[in-house]
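Examining the three-dimensional arrangement
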Amino acid sequence: MKHLIDIENISKEDILNIVNLAKEFKNKTKKSDVIGKTIALMFYENSTRTRCSFEIAGQNLGMNIINFDANSSSLSKGESLKDTIENLYFLGVNAVVIRHNLSGIINNVMRLVKYPIHFINGGDGTHAHPSQALLDFYTMLEKIGSVEGKKITIVGDVTHSRVAKSNIRLLSKFGADIHICAPSYLQLENTQAFDVTYHDNVKEAIKDSNVVMVLRVQNERHEKEGYPDSSEYKRLYEIDTKSLKQYASKDVILMHPGPANRNIEVSSELLDNQLGKTILEQAQNGVFVRMAILNTLLKGGN
Ligand code: CP
């Protein structure tokens, strides 16, 4: 592996190598192979978890970290992303982590850049968020051992969710029984492209689920302001402790990539009780999984 752009292009073996390495980093039985290497964090869209966990992961590995600020960079003078990244390479940057609101932009820039810098997708538009899917998979393995044959239900705004798409692609490789629940106006656009079961009724969807992954309604990506109607969405799709206890498996794991809209897609009391703690553990595991990603991509040189 030289780059991490999406889940389709990495093998099951590579995925397992990353989660096993993340476990070693978490258990402190593995030392860094990338001390002194340099990453630039290029976030053109806001982030808390992804940006901070890549930064902490890099620090834990003894790397140099550049928090690239797009607003104060020469991009504002018209410099292209390709030229920016090539200049960063010549300044000594070994890898860039890019988050952007345009789907596919990282792939496109990677094809244009002529020098051997590593590309990591920190989330591009509605396309992919591979490091999130890897940390979600790691968390599921930690909690339920294996995903094969397990019912994993993703509830929410899948139309706009790069997290859902990357999770579906990853979990499909490992034989999970994947269910998607959303109102018709937030469903996946190309339903034939994914081997999943679709629902619009949340009680049916979460019935006997081993994992319920709730997604944020991404208001900033909706064309019409105030759509969907929050109170209507909450009435039909909000996950709370009662619905989880009543319909899901008794050992259900609640997940959410964050940030969460409290009392819209998930109740505030559920987030704050024991079931909600897994969501914080997801964020914590993000550090170890991102250490594994950086170590894997950068250990062999550019
Ligand atoms: N899950 C996730 O990508 O969160 P951030 O937007 O805070 O990075």
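This text goes with the structure placed above it.
Remark: helix H5 (residues 130–144) packs on helix H11 (residues 277–298), axes separated minimally by 8 Å, with the N-to-C direction vectors making an angle of 115°. Seen from above, H5 lies across H11 with right-handed handedness. Only Thr 278, Glu 281, Gln 282, Asn 285, Gly 286, Val 289, Arg 290 and Ile 293 of H11 make contact with H5, whose side of the interface consists of Ser 131, Gln 132, Leu 134, Leu 135, Asp 136, Tyr 138, Thr 139, Glu 142 and Lys 143.

It is worth spelling out the site of the ligand at this point. All residues adjacent to the ligand are Ser 47, Thr 48, Arg 49, Thr 50, Arg 99, His 129, Gln 132, Pro 257 and Gly 258. Measuring from an oxygen atom of the ligand, one finds a side-chain N or O atom of Ser 47 at 2.6 Å. With respect to the ligand, the side chain of His 129 contributes an N or O atom lying 2.9 Å from an oxygen atom. Coverage of the ligand by the protein chains reaches 92% of its 250 Å² of free accessible surface.

Spatially, S7-S6-S5-S8-S9 is the arrangement adopted by the five strands of the open sheet, whose pairing is parallel. The outermost strands of the open sheet, each flanked by one partner alone, are strand S7 (197–199) and strand S9 (253–255). In this sheet, neighbouring strand axes are inclined to one another by 20° on average, regardless of whether the strands run parallel or antiparallel. The pairing of strand S5 (residues 151–155) with strand S8 (residues 211–214) spans four bridges and is parallel. Looking at the pairing, Thr 153 lines up with Val 212 of S8. Seen against the sheet, H5 touches S5, S8 and S9 and runs at an angle of roughly 165° to S9.

The rules behind each value
- Position numbers for residues start from 1 in each chain and track the written sequence from start to end.
- Reporting in this predicted model follows two pLDDT cut-offs: at least 70 for local features of residues, and 80 or more for side-chain atom pairs to be given and counted; totals over whole chains, interfaces and linings ignore these cut-offs and use all residues.
- To obtain the side-chain values, all non-hydrogen atoms of the structure were used and water was disregarded.
- Here the axes come from fitting lines to C-alpha atoms, over the contacting stretch only for helices, and the angles between their N-to-C directions go from 0 to 180 degrees.
- Note on conventions: DSSP H or I runs of at least 4 residues are helices, E runs of at least 2 residues are strands, and numbering of each starts at the N terminus.
- For any helix crossing, the convention is left-handed if the near helix is rotated counterclockwise from the far helix by under a right angle, and right-handed if that rotation is clockwise.
- Should any heavy atoms of two residues lie within 4.5 Å, those residues are considered in contact.
- Being near a molecule or strand, for a residue, comes down to having at least one heavy atom within 4 Å of it.
- In protein, a polar contact requires one atom able to donate a hydrogen and another able to accept it; more generally it is a pair of N or O atoms within 3.5 Å, and residues adjacent in sequence count only if both atoms are side-chain atoms.
- Computed by Shrake-Rupley with a 1.4 Å probe, the accessible areas treat only the displayed protein chains as cover when residues are assessed.
- Two strands are said to pair when DSSP picks up at least two bridges between them.

Structural measurements only, silent on function.
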